[in-house]
Amino acid sequence: MKAKSLHFSKSGSAQVIASELGRIHQCVCDQIPPAYPCEGEKVIFIGVEMNGKLPGPVDHFCRDLTPARAQNVAFYIINGNGNTSGLDEIKKAMESKGVHMIPDVHSVAVKSSLFKKGMPTDADVKAAVDWAQKIVDSGL
């Protein structure tokens, strides 16, 4: 399956999962915006660290997607509380262009402290890998 694993986070927490998805699904892993544009992807996995609002670079990237670039987009959200809200507007924008957003948004609750950014645990990474595998196995 032609896929891409992209990520955006200030702390690097999304990169841990994105790299593992890229390794397992033998696909490109890159930051948003990616070095090379998406072309003919069956699915793009997007990992983003956010609390309520999609970061500008991710929003712009998603709004530029077309079915020729990507047929499906699957999000996993990393934050301190596991909240996956904040994607309704981008879902409408993508789907108005014919790009399908997978409704099963994966949530990763990563706790941070005042002096240290939290990172996903091995269990968090495994859960994200299992989530992505279900999407791939569904045949989209």
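Above: the structure in question.
Owing to the predicted nature of the structure, the values given are computational and were not obtained by experimental measurement. (Residues numbered from 1 in each chain as written. Predicted model: local features only at pLDDT ≥ 70, side-chain atom pairs only at ≥ 80, totals over all residues. Heavy atoms only, no water.)

1. Comments concerning the nonpolar core
Counting residues in hydrophobic clusters, the biggest one holds 24 residues, and the most contacted among them are Ile46, Val58, Phe61, Phe75, Leu87 and Met94. Elements with a contribution of two residues or more to this core: strand S1 (3–8), strand S3 (41–49), helix H2 (56–63), strand S4 (70–79) and helix H3 (88–96). Per-element tally for this core: the top contributor is S4, with four residues. Residues in contact with Ile46, not counting those within four places in the same chain, are Leu6, Ile32, Val58, Phe61, Cys62, Val73, Ala74, Phe75 and Tyr76. (Core = buried A, V, L, I, M, F, W, Y, C linked by side-chain atoms within 4.5 Å. Buried < 20%, exposed > 50% of the residue type's maximum accessible area, 1.4 Å probe, protein only. Helix = DSSP H or I, 4+ residues; strand = E, 2+ residues; numbered from the N terminus. Contact = heavy atoms within 4.5 Å.)

2. Considerations on the packing of H2 against H3
In contact at an axis separation of 9 Å, H2 and H3 are set at 20° when each is read in the N-to-C sense. In terms of orientation, H2 and H3 fall into the roughly parallel class. Taking contact as the criterion, the partners of Asp59, Cys62 and Arg63 in H2 are, on H3, Glu89, Ile90, Ala93 and Met94. Of the residues in the contact of H2 with H3, the class split is four nonpolar, no polar and three charged. (Axes fitted to C-alpha atoms, helices over the stretch in contact; angles between N-to-C directions. Parallel < 35°, antiparallel > 145°, perpendicular 65-115°, else oblique. Nonpolar A, V, L, I, M, F, W, Y, C, P; charged D, E, K, R; others polar.)

3. A short note on the state of the cysteines
Throughout the structure, instances matching the rule amount to zero disulfides. Here Cys38 stays unpaired: no disulfide links it, and the sulfur of Cys62, its closest cysteine neighbor, is 9.5 Å away. Residue classification places Cys62 among the buried positions, given a relative accessible area of 0%. (Disulfide = S-S within 2.5 Å.)

4. So, the pattern of salt bridges
Scanning the model with the defined rule gives five salt bridges in all. With its nearest N and O atoms 4.0 Å apart, the salt bridge here joins Glu39 to Arg69. With Glu39 in the loop between strand S2 (28–31) and S3 and Arg69 in the loop between H2 and S4, this pair connects stretches of sequence that are 30 residues apart. Take Glu39: its relative accessible area is 42%, and that puts it in the partly exposed class. Here Arg69 falls in the partly exposed class, since its relative accessible area comes to 30%. Among the salt bridges present, the one from Glu89 reaches Arg63, with a minimum N-O distance of 2.8 Å. Of this pair, Glu89 sits in helix H3 while Arg63 sits in helix H2, and the two are 26 residues apart along the sequence. With relative accessibility at 27%, the residue Arg63 sits in the partly exposed group. (Salt bridge = Lys/Arg side-chain N within 4 Å of Asp/Glu carboxyl O.)

5. Digging into the side chain of Asn79
Note on placement: Asn79 falls in strand S4. Only 3.2 Å separates the side chain of Asn79 from the backbone oxygen of Met50, close enough to count as a polar contact. The contact partners of Asn79, leaving out residues within four places of it in the chain, are Met50, Asn51, Val108, Ala109 and Val110. (Polar contact = N/O pair within 3.5 Å; in protein donor to acceptor, adjacent residues only side chain to side chain.)

6. Considering the environment of Pro103
Tracing the sequence through the fold places Pro103 in the loop between strand S5 (100–101) and strand S6 (106–109). C-alpha of Pro103 to C-alpha of Lys2: the two residues are 101 residues apart in sequence and 20 Å apart in space.

7. Focus: the packing of aromatic side chains
Per the counting criterion, the structure on display carries two aromatic pairs. Ring geometry for Phe45 versus Trp131: centroids 5.8 Å apart, planes at 65°, classification edge-to-face. Highlighted residues: Phe45 in strand S3 and Trp131 in helix H4 (residues 122–137), separated in sequence by 86 residues. Ring centres of Tyr76 and Trp131 lie 5.9 Å apart, and the angle between their planes is 75°; on these two criteria the pair is classed as edge-to-face. Placement of Tyr76 in strand S4 and of Trp131 in helix H4 is noted, with a sequence separation of 55 residues between them. (Phe/Tyr/Trp six-rings, centres within 6.5 Å; stacked < 30°, edge-to-face > 60°.)

Scope: geometric values only; no functional claims are made or implied.
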